[in-house]
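Here is what each chain is made of, one letter per residue.
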Amino acid sequence: MTADEILALLQTDEGRRAPYPLYERLHELGPVSLTPASTAYAAVANGYAAVDQILRDPRFVKGGPPPGPDADPVSTALGNSMMFRTEPDHGRMRRAFHQAFTPRRVAELEPEIVALTDSLLDRLGVLGADGPVDFIAEFGYLLPAGVMSALLGIPAPDLEWFRTRVQRVEDYLDFGGRTVEKVAAANEAAVEMSAYYQQLIADRRVAPGNDLISGLVQVIDSGDSVLTDEELVGNLLVLFNASFVTTINLLGNALPPLLERPSLVKALAADPAVAEACVEEVLRWDGTAQVVVRTASEDLSVGGVTIPEGGLVLVILGAANRDPARFPSPEVFDAERADKRHITFGAGAYFCIGAVLARAEGRLALPRLFQRFPELALAGAPVQSAGFALRGFATMPVTLT
């Protein structure tokens with residue numbers, strides 16, 4: 001099977017649901033393969049070393065110039081964020097966020113994460129008292145939504161309004177997601193969320209709080225950073241989507257392998273170090289982020305393959321995390337694995353800015369979940385979400401006792 005054929009299969013419903021056998025086929029071909037039949041990509045990169053090299057090499061470019069005046073709303077909003085801009089804009093925006101979105105701020109948020117987790121577990125216990133309950137809808141979604149509410153200062157009643165709009169932008173960003181219908185839905189969502197954030201920014205200028213938006217507004221207004229309000233809006237939109245969806249998927253992806261290992265669940269519930277190890281192995285074994293894209297700014301050699309100037313590379317993080325050249329028996333979920341240094345959060349200049357928060361939520365929530373419900377079990381087959389770039393479950397029925 002050629003790399004082009006594998007790439008085509010990855011875009012099917014079956015390939016999205018079960019990409020790992022296809023990744024194995026890619027590894028058999030080598031760490032990088034050209035895809036001459038593809039109209040979108042010049043190559044796919046799947047080997048761990050090759051993926052790491054591409055992500056760290058600034059000659060493999062992510063993003064582009066600022067959005068033009070005729071760009072549609074979703075392109076404008078995303079194009080004003082650090083995720084979709086090249087240097088020097090990316091670094092300028094990232095430095096502004098680092099001034100306010102600090103490890104200290106995440107650490108100060110931990111008591112709220114714990115309190116929110118306990119409150120949601122109380123609610124889950126009531127909902128699941130008489131039968132199965134959907135773990136994704138009733139816990140996996142609500143925890144990161146509540147955490148983002150606390151982080152950004154978004155009123156809790158507004159979170160349900162965000163859910164459908166975040167999903168529309170995620171669908172637009174997904175691998176092969178630029179259909180006419182998805183673009184229209186994403187444009188509408190971008191307009192609505194941009195207006196919402198603009199109002200929040202205006203409110204914080206009048207009455208600042210302890211939230212991240214207040215901190216970023218203070219950074220802007222102090223003159224210490226060159227960041228516009230439009231760029232702040234674009235980055236908030238991306239931050240909410242990335243941090244929120246990543247954590248939903250982390251919590252959901254953790255349950256199937258953990259529930260197959262009762263002794264590991266017991267150890268996780270009792271030992272924070274085991275919980276941390278489990279989170280890292282989940283992120284390696286069934287990572288929330290599966291693919292990113294880079295463009296070769298000149299002819300560049302990776303893994304013995306020359307990628308032509310201007311060629312787009314589909315960089316498959318999920319395949320790199322299952323590379324047998326890096327991880328012995330990569331298909332095996334092993335929380336005691338000596339090397340779990342996955343690449344789910346990327347590497348280099350574009351390393352995920354929300355990684356610390358996502359890890360904290362998993363590390364704090366999973367032990368409390370199993371302490372409260374040690375008999376938790378799947379009540380049926382989970383339903384995989386339609387997305388590929390961000391991998392997770394749409395529904396997951398569970399019983400609590």
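- Per an unreviewed UniProt entry, the recorded name for the protein chain is Cytochrome P450, and the organism is Kribbella koreensis.

Describing the overall build of the protein chain
So, step 1. The number of helices and strands found in the protein chain is 17 helices and twelve strands.
So, step 2. Reported as C-alpha extents along the three principal axes, the dimensions of the protein chain are approximately 60 × 55 × 40 Å.
So, step 3. Each of the 401 residues in the protein chain was classed as buried or not, and the buried ones make up 54%.
So, step 4. In the protein chain, of all internal contacts separated by at least 6 residues, the share reaching a separation of at least 24 is 70%.
So, step 5. Carbon together with sulfur atoms contributes 55% to the accessible area of the protein chain, which is approximately 16,800 Å² in total.
So, step 6. Charge separation in the protein chain, taken as the distance between the mean sites of 34 positive and 51 negative side-chain charges, equals 3 Å.

Topic: the sheet that holds strand 4 (residues 133–134)
So, step 1. Here we have three strands laid out as an open sheet, ordered 4-12-9, and antiparallel in their pairing. The two strands at the open ends of the sheet, each matched to only one other strand, are strand 4 and strand 9 (377–378).
So, step 2. In this structure, strand 4 lies alongside strand 12 (residues 397–399), joined through two bridges in antiparallel fashion. Residue valine 133 lies in a different strand from strand 12, and its bridge partner there is valine 398.

A word on the sheet that holds strand 8 (residues 312–316)
So, step 1. The five strands lie next to each other as 1-2-8-5-3, forming an open sheet whose pairing is mixed. Either end of the sheet is taken by a strand with one partner, and the two such strands are strand 1 (32–34) and strand 3 (60–61).
So, step 2. Relative to strand 8, strand 5 (residues 291–296) runs antiparallel, the two being bridged by five bridges. Note that in strand 8 the partner of valine 291 across the bridge is isoleucine 316.
So, step 3. Sheet strands in contact with helix 4 (residues 48–56) are strand 1, strand 2 (43–45), strand 3, strand 5 and strand 8, and its direction is about 125 degrees off that of strand 8.

Here we look at helix 6 (residues 89–100)
So, step 1. The end-to-end C-alpha separation of helix 6 is 18 Å, in line with the 16 Å expected for twelve residues at 1.5 Å each.
So, step 2. Most of helix 6 sits out of view: nine of its twelve residues are buried.
So, step 3. Burial in helix 6 covers these residues: Asp89, His90, Gly91, Arg92, Met93, Arg94, Ala96, Phe97 and Ala100.
So, step 4. Those residues of helix 6 that are buried lie in contact with helix 7 (103–127), helix 12 (212–222) and helix 13 (229–259).

Regarding the packing of aromatic side chains
So, step 1. For the structure shown, the criterion picks out eleven aromatic pairs.
So, step 2. Taking the centre distance of 5.7 Å and the plane angle of 85 degrees together, the rings of tyrosine 48 and phenylalanine 327 count as edge-to-face. Of this pair, tyrosine 48 sits in helix 4 while phenylalanine 327 sits in the loop between helix 16 (317–320) and helix 17 (355–372), and the two are 279 residues apart along the sequence.
So, step 3. A residue is classified by how much of its surface remains accessible, and tyrosine 48, at 10% relative accessible area, is buried.
So, step 4. A residue is classified by how much of its surface remains accessible, and phenylalanine 327, at 1% relative accessible area, is buried.
So, step 5. Here the aromatic rings of phenylalanine 345 and phenylalanine 351 are separated by 6.3 Å at their centres, their planes lie at 70 degrees, and the arrangement is edge-to-face.
So, step 6. A residue is classified by how much of its surface remains accessible, and phenylalanine 345, at 5% relative accessible area, is buried.
So, step 7. An aromatic cluster of at least three residues, connected via ring pairs, comprises Trp161, Phe162, Tyr196, Tyr197 and Phe240.

Describing the packing of helix 14 (residues 262–270) against helix 17
So, step 1. Contact geometry of helix 14 with helix 17 gives a least axis separation of 8 Å together with a crossing angle of 115 degrees. Considering the angle they form, helix 14 stands roughly perpendicular to helix 17. Considering the relative orientation of helix 14 and helix 17, their crossing is left-handed. The residues of helix 17 that touch helix 14, namely those facing Val265, Leu268 and Ala269, are Leu366, Pro367, Phe370 and Gln371.

Let's talk about the nonpolar core
So, step 1. The biggest cluster of nonpolar side chains holds 92 residues, and the ones touching the most others in it are Leu152, Tyr197, Phe240 and Leu369.
So, step 2. The leading source of residues in this core is helix 13, at 15 residues.
So, step 3. Setting aside its immediate chain neighbours within four residues, leucine 369 contacts Leu121, Leu124, Phe135, Leu255 and Leu376.
So, step 4. The next biggest cluster of nonpolar side chains, apart from the first, holds 22 residues, and it includes Phe60, Leu300, Val302 and Val315.

Here we look at the side chain of asparagine 253
So, step 1. You can see asparagine 253 is positioned in helix 13.
So, step 2. Leave out the neighbours within four places in its chain, and asparagine 253 touches Val282, Asp286, Gly287, Thr288, Arg391, Gly392 and Phe393.

Concerning the pairing of strand 8
So, step 1. Counting buried residues in strand 8 gives four out of five residues, a clear majority hidden from the surface.
So, step 2. Two strands pair when backbone bridges link them, and strand 2 and strand 8 are joined in this way by three bridges, in the parallel orientation. In the strand pairing of strand 8, valine 44 is matched with leucine 314.

With respect to the packing of helix 13 against helix 15 (residues 272–285)
So, step 1. Closest axis-to-axis distance for the helix 13/helix 15 pair is 9 Å, and the angle between their directions is 95 degrees. Looking at the two axes, helix 13 sits roughly perpendicular to helix 15. For the pair helix 13 and helix 15, the contacting residues are Leu250, Asn253, Ala254, Pro257 and Leu258 in the first and Cys278, Val279, Val282, Leu283 and Trp285 in the second.
So, step 2. Looking at the contact of helix 13 with helix 15, its residues break down into nine nonpolar, one polar and no charged.

Rules used throughout
- Residues numbered from 1 in each chain as written.
- Predicted model: local features only at pLDDT ≥ 70, side-chain atom pairs only at ≥ 80, totals over all residues.
- Heavy atoms only, no water.
- Helix = DSSP H or I, 4+ residues; strand = E, 2+ residues; numbered from the N terminus.
- Buried < 20%, exposed > 50% of the residue type's maximum accessible area, 1.4 Å probe, protein only.
- Contact = heavy atoms within 4.5 Å.
- Areas by Shrake-Rupley, 256 points an atom, 1.4 Å probe, with all protein chains shown as cover.
- Lys, Arg positive; Asp, Glu negative; His and termini not counted.
- Charge placed at Lys NZ, Arg CZ, Asp CG, Glu CD.
- Pairing = 2+ DSSP bridges.
- Axes fitted to C-alpha atoms, helices over the stretch in contact; angles between N-to-C directions.
- Expected span 1.5 Å × (residues − 1).
- Phe/Tyr/Trp six-rings, centres within 6.5 Å; stacked < 30°, edge-to-face > 60°.
- Parallel < 35°, antiparallel > 145°, perpendicular 65-115°, else oblique.
- Left-handed = near helix turned anticlockwise from the far one by under 90°.
- Core = buried A, V, L, I, M, F, W, Y, C linked by side-chain atoms within 4.5 Å.
- Nonpolar A, V, L, I, M, F, W, Y, C, P; charged D, E, K, R; others polar.

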